[in-house]
Amino acid sequence: MGQRGGNRGNDRKMRITGVLLLVLLSTVATEAAVAESRERVVVVEAETVALPCAVSSRDKVLLILWYKDSTAAVPIFSYDSRSEVPRSWISERVLGSRASAQFFPDSKIHYLQLEDVQKTDSGLYSCRVDYRRSPTQRAKINLTVIVPPGVPTVLQDDGTQVDHTLGPYNQGSLINITCQVVGGDPPPQLTWWQGEKLLDGDTESAGGGVYRNTLTVGPLTRDHLNNFYACQAFNTDLIAPLSKAVTLDVNLEPLTVELLGPDEALTSGVEYKVTCQSTGARPTAVLTWWLDGQQLFNHTSHTEEQGNVTVSTLRLVPSEDDGGKVLQCLAQSPSINHQPIQDTRTLQVYWESA
């Protein structure tokens, strides 16, 4: 009986010892987690960033040291309060005059501030805090510096740069317009938009830090005239995308041509004014007059205020022989090689017998 009781006592002691060991291991793991923390900070080049180093202990802070990259043996900043007057030091060789540091004992936060951040400032920063009694604490901040791409430029098929207006291109053409940017880290994404509609999101690297997105448009119709296309370049959500917008100018064939006024019989030897009107051409259509295959030149033309309406007036003095001949008004674009459209009349000519 005594031996079994002794065994039970030993078992109880072992269980208590095991529980204490688990608690001790858990405490050590928790303290280790608190002793070193990691944080990621992302900033856009040329902006200002404050790298935080949280001081979690209530104990008096004696020394704060900042390092850049894990292999660095010499600190880039130090704050020393072991003397009556706290002192701070910054490595101008690494940070230049762009760095400053502040420690707020009440808030338990220390900041290393960098102005006009450069790509070379990217890296792993380490903060070490020594206390009077508490264990040393460490924090690591991974600083990523985003380099925005340059302002987009738009290129036409022939490689010329466009500021505002593409073209003019002829109706029926198939065109390629290219958005191009230089630089950007990480590599930017280029997208083509028409209003809120995404047209193309395929970005290609042309080498040398040049990125392009080529949009194919067409065959061009009247619906493409004055269309608005915008290229956006972005590589971070921290700033708005950079954008370049252009409009599309299209040369258009004439839509209609019409001989105006009543188709009445004419009297030989009398002068008549015959009017022809064409609409829809851009630039305005060229109107020509023909009588049985012979071109007539005794006419004047003008353009209406609407811009795409052309009116031509022919002074015609028919002869007896013109009866039955076909009068034609042809409308053709001055910029596009296309089949002219026409309107015709067969002349009825009366004459007085001698």
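The shown structure was predicted, so the numbers you read here are calculated from the model rather than taken from an experiment.

## What about the overall build of the protein chain?
Then, number 1: Scanning the protein chain for helices and strands turns up two helices and 29 strands.
Then, number 2: Residues counted as buried form 36% of the 354 residues belonging to the protein chain.
Then, number 3: Across the protein chain, the fraction of contacts at a sequence separation of at least 24, relative to all contacts at a separation of at least 6, is 63%.
Then, number 4: Element-wise, carbon and sulfur atoms account for 50% of the exposed surface of the protein chain, whose accessible area totals about 20,700 Å².

## A word on the sheet that holds strand β15 (residues 197-200)
Then, number 1: Reading across the sheet, the five strands line up as β12-β19-β18-β14-β15 and stay open at both edges, with mixed pairing between neighbours. Each edge of the open sheet is held by one strand with a lone partner, namely β12 (165-170) and β15. Here the strands of the sheet are splayed against their neighbours by 30° on average, with no regard to which way each runs.
Then, number 2: With three bridges connecting them, strand β14 (residues 189-194) and β15 associate as antiparallel partners. Directly across from W192, in β15, lies its bridge partner D200.

## Here's the deal with the side chain of N213
Then, number 1: Relative to the helices and strands, N213 is located in strand β17 (residues 210-217).
Then, number 2: Separated by 3.4 Å, the side chains of N213 and D200 make a polar contact.
Then, number 3: Once residues within four sequence positions are removed from consideration, N213 is found in contact with I177, T178, C179, L190, T191, W192, D200, G201 and D202.

## As for the state of the cysteines
Then, number 1: In total, this model carries three disulfides according to the counting rule given.
Then, number 2: Covalently, C53 is tied to C127 through a disulfide, its sulfur atoms 1.9 Å apart. As the torsion about the S-S bond is roughly -80°, the C53-C127 disulfide counts as left-handed. Note that C53 is positioned in strand β2 (residues 49-54) and C127 in strand β8 (residues 123-131), a separation of 74 residues in sequence.
Then, number 3: There is a disulfide in this structure between C179 and C231, and the S-S distance comes to 1.8 Å. On the S-S bond that ties C179 to C231, the torsion sits near -70°, and the link is left-handed.

## As for the pairing of strand β19 (residues 242-251)
Then, number 1: Bridge count between β12 and β19: four bridges; the pairing is parallel. Paired with N170 across the two strands is N251, which belongs to β19.
Then, number 2: Relative to β19, strand β18 (residues 228-234) is paired through six bridges, and the arrangement is antiparallel. Bridged to Y229 within β19 is V246.

## A closer look at the sheet that holds strand β27 (residues 326-332)
Then, number 1: Judged by pairing direction, the sheet is antiparallel, and its four strands sit side by side in the order β24-β23-β27-β28 without closing on themselves. The sheet is open, and its two edges are formed by β24 (294-296) and β28 (341-346), each paired on a single side. Within this sheet the neighbouring strands show an average axis-to-axis angle of 30°, counted without direction.
Then, number 2: Sheet topology note: the strand β23 (residues 286-291)/β24 ladder contains three bridges and is antiparallel. Across the sheet, residue L291 finds its bridge partner in β24, namely Q294.

## Digging into the pattern of salt bridges
Then, number 1: Applying the stated criterion to the full structure yields seven salt bridges.
Then, number 2: Across the pair K119 and D185 runs a salt bridge whose closest N-O atoms are separated by 3.0 Å. In this pair, K119 sits in the loop between β7 (109-114) and β8 while D185 sits in the loop between β13 (175-182) and β14, placing the two residues 66 residues apart along the sequence.
Then, number 3: With relative accessibility at 32%, the residue D185 sits in the partly exposed group.
Then, number 4: With its nearest N and O atoms 3.4 Å apart, the salt bridge here joins K325 to D322.

## Topic: the side chain of T310
Then, number 1: Relative to the helices and strands, T310 is located in strand β26 (residues 309-316).
Then, number 2: At 3.5 Å, the side chain of T310 and the backbone nitrogen of A285 are in polar contact.
Then, number 3: Excluding residues within four positions of it along the chain, T310 makes contact with C276, Q277, S278, T284, A285, L287, H302 and T303.

## Structural notes on the nonpolar core
Then, number 1: Ranked by size, the top nonpolar core spans 24 residues in total, and within it V49, L51, W66, L112, L114, Y125 and L143 carry the most contacts.
Then, number 2: Listing elements by their share of this core, those giving two or more residues are β1 (36-44), β2, β3 (61-68), β4 (77-80), β7, β8 and β9 (137-146).
Then, number 3: When neighbours within four sequence positions are excluded, V49 is seen to be in contact with V41, V43, L112, Q113, L114, V117 and L143.
Then, number 4: By size, the runner-up hydrophobic cluster in this structure holds 21 residues, among which are Y169, Y211, V217 and L248.

## Focus: the confidence of the model for the protein chain
Then, number 1: On average, residues of the protein chain score 84 in pLDDT, and 85% of them are at 70 or above.
Then, number 2: Segment residues 1-35 is flagged for pLDDT under 50; beyond a separation of four residues in sequence, or across chains, it makes five contacts in the model.

## Details of unusual backbone geometry
Then, number 1: Cis rather than trans, the peptide bond between G167 and P168 has omega equal to 15°.
Then, number 2: In the segment running from G218 into P219, the intervening peptide bond is cis, with an omega of 0°.
Then, number 3: With respect to the element layout, P219 can be found in the loop between β17 and β18.
Then, number 4: A positive phi angle, close to 65°, is found at N226, a residue other than glycine.
Then, number 5: Checked against the element boundaries, N226 lands in the loop between β17 and β18.

Conventions we followed
Residues numbered from 1 in each chain as written. Predicted model: local features only at pLDDT ≥ 70, side-chain atom pairs only at ≥ 80, totals over all residues. Heavy atoms only, no water. Helix = DSSP H or I, 4+ residues; strand = E, 2+ residues; numbered from the N terminus. Buried < 20%, exposed > 50% of the residue type's maximum accessible area, 1.4 Å probe, protein only. Contact = heavy atoms within 4.5 Å. Areas by Shrake-Rupley, 256 points an atom, 1.4 Å probe, with all protein chains shown as cover. Pairing = 2+ DSSP bridges. Axes fitted to C-alpha atoms, helices over the stretch in contact; angles between N-to-C directions. Polar contact = N/O pair within 3.5 Å; in protein donor to acceptor, adjacent residues only side chain to side chain. Disulfide = S-S within 2.5 Å. Salt bridge = Lys/Arg side-chain N within 4 Å of Asp/Glu carboxyl O. Core = buried A, V, L, I, M, F, W, Y, C linked by side-chain atoms within 4.5 Å. pLDDT = per-residue confidence, 0-100.

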